[in-house]
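# Examination of the molecular architecture
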Amino acid sequence: MITDRVLQARVVAALEPEWEARFEPRTYGFRPGRGCHDAIEAIFHVARGVNPTRRWVLDADLAAAFDQIDHSHLLGQLGTFPARGLIADWLKAGVIDKGRFAPTEEGTPQGGVISPLLLNVALHGMEQAAGVRYQKAGTHAGDTVPGSPVLIKYADDLVALCHTRDEAEQVKARLAGWLAPRGLAFNEGKTRIVTLDDGFDFLGVTVRRQSGKLLIKPSKAALRRVRERLRTEVRALRGANAAMVLVRLNPIIRGWAAYYRTVVSSETFAALDRYLWRLLYKWAKFAHPNKSRHWVVDRYFGAFNKSRRDRWVFGDRASSAYLTKFAWTGIVRHRMVKGTSSPDDPALAQYWANRRRRGVPPPMDQFALRLLKTQDGRCPCCGDLLLHADHPPQSPSEWERWVRVTGKALRKQSLSYRRRGGSGETSHLRLIHTRCRGKRYAAAALG
């Protein structure tokens, strides 16, 4: 299995640059340098303003896209690619689920290293099929032609912004005919035509015009999921100490806030902070049923964060560590990737370097962020990037895992602080890879 994944990664490294030069501009899923926030920002750019021309939306979802892709059509798309035969073998290899083998006559196995790229290849040409046209010359080259619909796609989720309902229905009919030879079809239960005033959900956010203004907020379903997650975690922590509460909840808070910090989330963050305060107060009362309310508050809540004038922060008196609040995450606008730009294009190396430097900062503490900026994001020992910027997390759960891994790395695994020149020479701290620090310690011991 490991050998197969390594081989798939090699094939992706060879196939991806070719298709990155061919993919359509508003395809954002599973591509280097692109992600959910680019797709959300693309919708904002098209639908914003007092009087947008495209008010009708085809909100569509493909039914089991990974499982139903037609193999012959997909292999035909690959043409004379040298590893085409190897890809065909992977597609026909079958899967083992719960100890039982199942053949794969269609589709790509979910979880495979190459599967996301193959899905993008299979769906290449969808914008053209929907009737989207771009200006090819002049100062507005790359812009959508006036009167043309706009299609924005992330993996198997897509929205088409149209001028009229009739146009939206025509786009749906054209796409249904285009999808059929590829073995795909719309999930009719999740596909609908609505207006911007009605609103629609896309990638965990709700897009809706309210009082003449386009607002993009966390969806009710996303809010319901995070509340359920927090409630479940706090209940499971009954009997644990405050330090364990911080370990379990901080990554969830940082991860969820990191995903939604680029949309209109301030009120949602404040509401979640209030909800979590009530959960933690009940947790504390459960831990000390015979103590008064004032004793419980004094024990677990206080001005733990010295940079904020807030005495209602949950924390651990023994270590002075505290729980991050959702509302402490500032709202920042995401910079949408330009047109067909790809990190694989050597002519755009400076563009991507600037994008990394000016992008939304990762959910780390302010001191670590200052060090990253001072060091231009690189380790002073090996010169490599401390954090990889071209494949950021694409969901709240991925951001949560990122926070957990990076938090461990900052203490003892991949990243750590050290004093420049040794502990006795200067008080300047730097951020380096732990592996680099280990090498320096080993060299010092041998030397």
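Our structure's up above, just so we're on the same page.
To keep things clear, this report deals only with the structure shown in the data block. Quick caveat, the model's predicted, so the values are computed rather than measured. (Residues numbered from 1 in each chain as written. Predicted model: local features only at pLDDT ≥ 70, side-chain atom pairs only at ≥ 80, totals over all residues. Heavy atoms only, no water.)

### Some remarks on a positive patch on the surface
- Positive charge collects at one region of the surface, where Arg 227, Arg 235, Arg 238, Arg 274, Arg 278 and Lys 282 lie side by side.
- The biggest single contributor to the positive patch is helix α11 (residues 266–287), with three residues.
- Relative to the assigned elements, Arg 274 resides in helix α11. (Patch = residues over 30% accessible without salt bridge, like charges linked within 9 Å, V, L, I, M, F, W, Y side chains within 5 Å. Areas by Shrake-Rupley, 256 points an atom, 1.4 Å probe, with all protein chains shown as cover. Salt bridge = Lys/Arg side-chain N within 4 Å of Asp/Glu carboxyl O. Lys, Arg positive; Asp, Glu negative; His and termini not counted. Charge placed at Lys NZ, Arg CZ, Asp CG, Glu CD. Helix = DSSP H or I, 4+ residues; strand = E, 2+ residues; numbered from the N terminus.)

### Points about α11
- A rise of 1.5 Å per residue sets the reference length of α11, with its 22 residues, at 32 Å; its end C-alpha atoms lie 32 Å apart and thus fit the reference within 8%.
- Every buried residue belonging to α11 is among Thr 268, Phe 269, Ala 271, Leu 272, Asp 273, Tyr 275, Leu 276, Leu 279, Leu 280, Tyr 281, Trp 283 and Ala 284, and all of these are buried.
- Buried-residue contacts for α11 involve β9 (213–218), α9 (220–236), α10 (242–260), α12 (293–300), β10 (301–302) and β11 (313–314). (Expected span 1.5 Å × (residues − 1). Buried < 20%, exposed > 50% of the residue type's maximum accessible area, 1.4 Å probe, protein only. Contact = heavy atoms within 4.5 Å.)

### Some details on the pattern of salt bridges
- According to the stated counting rule, one finds twelve salt bridges in the structure shown.
- With a closest N to O distance of 2.7 Å, Asp 310 and Lys 325 form a salt bridge. Taken as a pair, Asp 310 in the loop between β10 and β11 and Lys 325 in the loop between β11 and α13 (349–358) lie far apart in primary sequence, 15 residues in all.
- Classification of Asp 310 as buried rests on a relative accessible area of 17%.
- Judged by relative accessible area, Lys 325 falls into the buried class, the value being 19%.
- One salt-bridge network, in which partners are shared between bridges, spans Arg 229, Glu 233 and Arg 248.

### Some remarks on the packing of α9 against α11
- Running from N to C, α9 and α11 cross one another at 20°; their axes reach a closest spacing of 10 Å. Relative to α11, the element α9 is oriented roughly parallel. Our pair here, α9 against α11, has a crossing hand that is right-handed. Two secondary-structure elements touch here, α9 through Leu 223, Val 226, Arg 227, Leu 230, Arg 231 and Val 234 and α11 through Thr 268, Ala 271, Leu 272, Tyr 275, Leu 276, Leu 279, Leu 280 and Trp 283. (Axes fitted to C-alpha atoms, helices over the stretch in contact; angles between N-to-C directions. Parallel < 35°, antiparallel > 145°, perpendicular 65-115°, else oblique. Left-handed = near helix turned anticlockwise from the far one by under 90°.)

### Quick word on the nonpolar core
- The biggest cluster of nonpolar side chains holds 113 residues, and the ones touching the most others in it are Ile 87, Leu 175, Leu 249, Leu 276 and Phe 314.
- A per-element tally of this core places α10 first, with eleven residues.
- When near neighbours in sequence (up to four residues on either side) are disregarded, Phe 314 contacts Ala 242, Val 245, Leu 246, Leu 280, Trp 283, Tyr 300, Phe 301, Phe 304, Tyr 322 and Leu 323. (Core = buried A, V, L, I, M, F, W, Y, C linked by side-chain atoms within 4.5 Å.)

### Things to note about the packing of aromatic side chains
- Taken as a whole, this structure holds 17 aromatic pairs when the rule is applied.
- For the pair Phe 30 and Tyr 154, a centre-to-centre distance of 6.0 Å together with 45° between the ring planes defines the contact as tilted. In this pair, Phe 30 is assigned in the loop between α1 (2–20) and α2 (36–47) and Tyr 154 in strand β4 (residues 150–154), connecting sequence segments 124 residues apart.
- For Phe 30, a relative accessible area of 37% corresponds to the partly exposed category.
- Consider the rings of Tyr 351 and Trp 352, whose centres lie 5.2 Å apart with planes at 80°: the pair is edge-to-face. Take Tyr 351 and Trp 352: they sit in the same class, and that class is buried.
- The aromatic ring of Tyr 275 is capped on one face by Arg 227, whose charged end is 5.3 Å from the ring centroid.
- Just above the ring of Trp 312 sits the side chain of Arg 311; from NZ or CZ to the centre is 4.6 Å. (Phe/Tyr/Trp six-rings, centres within 6.5 Å; stacked < 30°, edge-to-face > 60°. Lys NZ or Arg CZ within 6 Å of the ring centre and 35° of its normal.)

### Details of the sheet that holds strand β8 (residues 205–210)
- What the three strands build is an open sheet, ordered β7-β8-β9; its pairing is antiparallel. The open sheet is flanked by β7 (200–202) and β9, the only strands paired with a single partner. The mean angle between the axes of side-by-side strands here comes to 30°, regardless of whether they run parallel or antiparallel.
- Bridge count between β8 and β9: six bridges; the pairing is antiparallel. Considered in β9, the bridge of Thr 206 is made with Lys 217. (Pairing = 2+ DSSP bridges.)

### Focus: unusual backbone geometry
- Despite not being glycine, Ala 155 has its phi angle at roughly 55°, a positive value.
- Mapping Ala 155 onto the fold places it in the loop between β4 and β5 (157–162).
- Residue classification places Ala 155 among the buried residues on the basis of a relative accessible area of 6%.
- In this structure, Ser 320 is a non-glycine residue whose phi angle is positive, near 65°.

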